[in-house]
Amino acid sequence: MRIVASERGLQRLEWGDGKPVGPRSLVDQAREQLAEYFAGRRREFELPLDLVGTEFQRRAWLALAEIPYGETRTYAEQAQRLGLRRGARAVGSANARNPLPIVVPCHRLVGANGSLTGYAGGLGRKERLLRLEGALS
């Protein structure tokens, strides 16, 4: 993954290769924590974030970090947590623009019937991440 950071924190993780951008210490810290996550040794990330988006997007993204490792929530459940009675689509739209996949775990959201839906990194990646976390058998 390509890591993009500012002086304030991690801004983006992009699928694929690419030269990292930002302070070396933060890029190295992010790289190390991602490696630990993929090795099954890290369940939570301890990185400063510099989220760029609308107020609602930032709220939606930060709420994702409250979904525990190895668990899933539906889009509707996430909307309720944000105080929206009928906001599953709004949550889905915000999550589609999540600049920090994995660190801000939008892969933990599933359809109302538990199906794997919508993931910018592709459903195959979403399934692998959920299997890594033990959320899928």
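See the structure shown above.
Scoring rules and cut-offs
Residues numbered from 1 in each chain as written. Predicted model: local features only at pLDDT ≥ 70, side-chain atom pairs only at ≥ 80, totals over all residues. Heavy atoms only, no water. Helix = DSSP H or I, 4+ residues; strand = E, 2+ residues; numbered from the N terminus. Contact = heavy atoms within 4.5 Å. Polar contact = N/O pair within 3.5 Å; in protein donor to acceptor, adjacent residues only side chain to side chain. Buried < 20%, exposed > 50% of the residue type's maximum accessible area, 1.4 Å probe, protein only. Arc of directions from axis to C-beta.

> Can you walk me through the environment of Asn 98 in this structure?
Within the secondary structure layout, Asn 98 lies in the loop between helix 4 (88-96) and strand 4 (109-110). Along the backbone, Asn 98 and Ser 137 are 39 residues apart, and their C-alpha atoms lie at a distance of 26 Å. If we ignore the near neighbours within four places in the chain, the residues touching Asn 98 are Trp 61, Leu 64, Val 104 and Cys 106. Side-chain polar atoms of Asn 98 contact the backbone oxygen of Val 104, separated by 2.7 Å.

> What is the right way to read helix 2 (residues 55-64) from this model?
One full turn of an α-helix is made of 3.6 residues, so residues set three or four places apart face in the same direction. For helix 2, every residue scored as buried is listed here: Gln 57, Ala 60, Trp 61, Ala 63 and Leu 64. Viewed end-on, helix 2 has its buried residues packed into an arc of 160 degrees, placing them on one side of the element. Close packing links the buried residues of helix 2 with helix 3 (75-81), helix 4 and strand 4.

> Looking at this model, I keep getting lost on the side chain of Glu 133. Mind explaining?
With respect to the helices and strands, Glu 133 occurs in helix 5 (residues 123-133). Note on Glu 133: relative accessible area 6%, which makes it buried. Residue contacts for Glu 133: discarding those within four places in its chain leaves Tyr 37, Tyr 69, Gly 70, His 107 and Arg 108.

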